[in-house]
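# A closer look at the structure
What follows is each chain in one-letter form.
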Amino acid sequence: MTRVNIKRVKVKKPKRSTLKNKCDDMWRELVRVKGICEWCGKRTGQMHAHHVIGRTNRTLRWDLRNGVCLDAGCHKMNAGNAHDDPIAFLKWFETTRPEDYEYICQKKNELWDKDYDKVLEYLNIMEVESETKKMSKL
Ligand SMILES: [Zn+2]
């Protein structure tokens, strides 16, 4: 009689750093999907995803309402870019996306619940919505 050696397949839980990178990647892609610089209207090959409230704020780090699609110049290279002049940028954001501005002002002092699964679930829903929008434009 031969003994069959059945190994239990353990489902490894992904590391928190892996989850964080995944959230970052998804957030970036979803912000850049607009394909146009929201600040100056330029369409260039490489778009950047900018956090209105900096990424150290985990409550808003993966929230699409805290993201703006910018070209490289407006993001970091030109004089008066979003990082150089955050006050001017914030003024612009308040005027252009008043509801999102209001929303991030309310959210920014909330503590993050450290739930990456919830973030991924939200980003997945947003991804599906973004795909659906793209399809309806075809
Ligand atoms: Zn621009």
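Residues numbered from 1 in each chain as written. Predicted model: local features only at pLDDT ≥ 70, side-chain atom pairs only at ≥ 80, totals over all residues.

Bringing the overall build of the protein chain into the picture now. When its secondary structure is counted, the protein chain shows 6 helices and 2 strands. Counting from the amino terminus, helix and strand elements in the protein chain follow one another as α-β-α-β-α-α-α-α. Over its C-alpha atoms the protein chain spans a radius of gyration of 19 Å, topping by over 25% the 14 Å that the globule rule assigns to 138 residues. Taking the principal axes of its C-alpha atoms as reference, the protein chain extends roughly 75 × 40 × 30 Å. Within the protein chain, counting contacts between residues at least 6 apart in sequence, those at least 24 apart form 65% of the total. (Helix = DSSP H or I, 4+ residues; strand = E, 2+ residues; numbered from the N terminus. Rg over C-alpha atoms; globule rule 2.2 N^0.38 Å. Contact = placed C-beta atoms within 7 Å.)

What follows concerns the environment of Glu121. Note on placement: Glu121 falls in helix α6 (residues 116–137). Accessibility expressed as a C-beta count within 10 Å gives 11 for Glu121, which makes it exposed. Residues Glu121 and Cys23, 98 residues apart in the sequence, show an inter-C-alpha distance of 9.9 Å. (Buried ≥ 20, exposed ≤ 12 C-beta atoms within 10 Å, placed from the backbone.)

Here we take up the nonpolar core. Ranked by size, the top nonpolar core spans 18 residues in total, and within it Cys37, Val68, Cys69, Leu70 and Cys74 carry the most contacts. Going through the elements one at a time, α1 (16–32), β2 (67–71), α4 (86–96) and α6 are the ones with two or more residues in this core. The greatest single-element share of this core, amounting to 3 residues, is contributed by β2. (Core = buried A, V, L, I, M, F, W, Y, C linked by C-beta atoms within 7 Å.)

Moving on, we get to unusual backbone geometry. Its identity as a non-glycine residue notwithstanding, Lys114 has a phi of 60 degrees, on the positive side. Structurally, Lys114 is set in the loop between α5 (98–107) and α6. We classify Lys114 as exposed; it has 9 C-beta atoms within 10 Å.

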